[in-house]
Amino acid sequence: MDQQFTEKLQAWLDTPDAEKDYAEGALMLLQLSGNKIMYRNISVNPKGKAEFITGRLRRYLNFRLQQTTHQEVLEMQEQVDVIVKETVKPDEEFADFKAGKRADHDKLPKEIQNLYVENLDIVHRMRELHLQLRKLSTENATCPDSERYPFLKELIALDKKLHENWDNYDHFIVEKPKAATTKKSKKKPTT
């Protein structure tokens, strides 16, 4: 599907009616439908057929946008499938999670320690979302993409936050207190 044509179609439909070029709309309708007889009939008086042209183009636009959303949801689902395998691991307990705790955890600043705790909550929420996604039946839903999209989007956002938190937690460097520096005696050069 030509994304540029979809954007052109959207722009034409968003143009105020008084400024629309209905001859251009009729031509876009021909490009979409391929119906030359319809085009000949409406191109004689495109302004007189304004409502027909606009209605048909809006239907085509809705279909094209729905196809785009469906493709986006499919791509998101693939991304979530990878996240589930790597992060959510529905059948495992939190042994791996606990193994990620640093040995110097208690010496870290409170905000860095909180990242570890927050990640545990994030993983719990990701598991809940995954279960909800599994419950959604794509066969019986009237619009499965619209039902799945919010769950997929949140799961992907949580995964991103989880990785950011782990990165900050794992790479935080505890500064050691500086030892008192001793003054070195200056030796005078011998001549």
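Preceding block: the structure.
A brief structural summary. Please read all numbers here as calculations on a predicted model, not as lab measurements. (Residues numbered from 1 in each chain as written. Predicted model: local features only at pLDDT ≥ 70, side-chain atom pairs only at ≥ 80, totals over all residues. Heavy atoms only, no water.)

1. Some thoughts on the overall build of the protein chain
Rules: Strands are runs of DSSP state E lasting at least two residues, helices are runs of H or I lasting at least four, and both sets are numbered from the N terminus onward. Type-normalised accessible area, obtained with a 1.4 Å probe on protein chains alone, sets the label of each residue: buried when under 20%, exposed when over 50%, and partly exposed for intermediate values. A contact between two residues is defined here by any heavy atoms of the two lying within 4.5 Å.
Across its full length, the protein chain carries seven helices and zero strands. Going from the N terminus to the C terminus, the protein chain shows its helices and strands as α-α-α-α-α-α-α. The buried share of the protein chain, taken over its 191 residues, is 31%. For the protein chain, restricting intrachain contacts to residue pairs at least 6 apart in sequence, the fraction spanning at least 24 positions comes to 70%.

2. Overview of the nonpolar core
Put simply, the rule is: Throughout this description, the term nonpolar core refers to a set of buried Ala, Val, Leu, Ile, Met, Phe, Trp, Tyr and Cys residues connected via side-chain atoms within 4.5 Å.
Formed by 22 residues in total, the largest nonpolar core has its most connected members in Val-80, Met-126, Leu-152, Leu-155, Leu-162 and Tyr-169. Those elements giving two or more residues to this core turn out to be helix 4 (50–88), helix 6 (110–135) and helix 7 (144–170). In terms of residues, this core owes the most to one element, helix 6, which gives eight residues. Every residue in contact with Leu-162, bar those within four places of it in the chain, is listed here: Thr-87, Asn-119, Ile-122, Val-123 and Met-126. Phe-5, Trp-12, Leu-13 and Met-28 belong to the second largest nonpolar core, which has 15 residues in total.

3. Let's talk about the pattern of salt bridges
Opposite charge on two side chains allows them to pair when their charged atoms are near. The condition that has to hold: Salt bridges are counted wherever a side-chain nitrogen of Lys or Arg sits within 4 Å of a carboxyl oxygen of Asp or Glu.
Applying the stated criterion to the full structure yields four salt bridges. Arg-102 is the salt-bridge partner of Asp-104, the closest N and O atoms lying 2.9 Å from each other. Residue classification places Arg-102 among the buried residues on the basis of a relative accessible area of 17%. Between Arg-125 and Glu-154 there is a salt bridge, with its nearest N and O atoms 3.0 Å apart. Within this pair, whereas Arg-125 is found in helix 6, its partner Glu-154 is found in helix 7, the two being separated by 29 residues in sequence. Taken together, the shared-partner salt bridges in this structure form one network comprising Arg-125, Glu-128 and Glu-154.

4. Here we look at the packing of aromatic side chains
Note the threshold: By convention, a stacked pair of Phe, Tyr or Trp rings (six-membered ring in the case of Trp) has centres within 6.5 Å and planes under 30 degrees apart, an edge-to-face pair has planes over 60 apart, and any other such pair is tilted. Two conditions define a charge sitting above a ring: the NZ of Lys or the CZ of Arg must be within 6 Å of the ring centre, and it must be within 35 degrees of the ring normal.
Counted according to the given criterion, the structure contains four aromatic pairs. Ring centres 5.7 Å apart and planes at 35° place the aromatic pair Tyr-116 and Tyr-169 in the tilted group. Highlighted residues: Tyr-116 in helix 6 and Tyr-169 in helix 7, separated in sequence by 53 residues. Residue classification places Tyr-116 among the buried positions, given a relative accessible area of 10%. Given a relative accessible area of 0%, Tyr-169 falls into the buried group. Seen in terms of ring centroids, Trp-166 and Tyr-169 are 5.8 Å apart; in terms of plane orientation they differ by 75°. Their pairing is edge-to-face. Within this pair, Trp-166 and its partner Tyr-169 are both found in helix 7, separated by three residues, close to a single helical turn. In this structure, Trp-166 and Tyr-169 share a single accessibility class: buried. Between the NZ or CZ atom of Arg-102 and the centre of the ring of Tyr-169, over which it lies, the distance is 5.8 Å.

5. Some remarks on the packing of helix 4 against helix 6
Spelled out, the test is: Angles here are taken between N-to-C directions and fall from 0 to 180 degrees, while the axes themselves are lines fitted to C-alpha atoms, restricted in helices to the stretch in contact. By definition in this entry, angles of less than 35 degrees are roughly parallel, angles greater than 145 are roughly antiparallel, angles of 65 to 115 are roughly perpendicular, and the rest are oblique. Crossing handedness follows the turn of the near helix against the far one: under a right angle anticlockwise gives a left-handed crossing, and clockwise gives a right-handed one. Ten residue types, Ala, Val, Leu, Ile, Met, Phe, Trp, Tyr, Cys and Pro, are classed as nonpolar, four, Asp, Glu, Lys and Arg, as charged, and the remainder, Gly among them, as polar.
Put simply, helix 4 and helix 6 touch, their axes get as near as 11 Å, and they point 135° apart. Considering their axes alone, helix 4 and helix 6 lie oblique with respect to each other. Of the two elements, helix 4 crosses helix 6, and the hand of that crossing is left-handed. Along the contact surface, helix 4 presents Val-80, Ile-83, Val-84, Thr-87 and Val-88, while helix 6 presents Met-126, Arg-127, His-130 and Leu-133. Partitioning the contact of helix 4 with helix 6 into residue classes produces six nonpolar, two polar and one charged.

6. Structural notes on the environment of Arg-56
Relative to the helices and strands, Arg-56 resides in helix 4. Taking the C-alpha atoms as reference points, Arg-56 and Ser-33, separated by 23 residues in sequence, lie 9.6 Å from one another.

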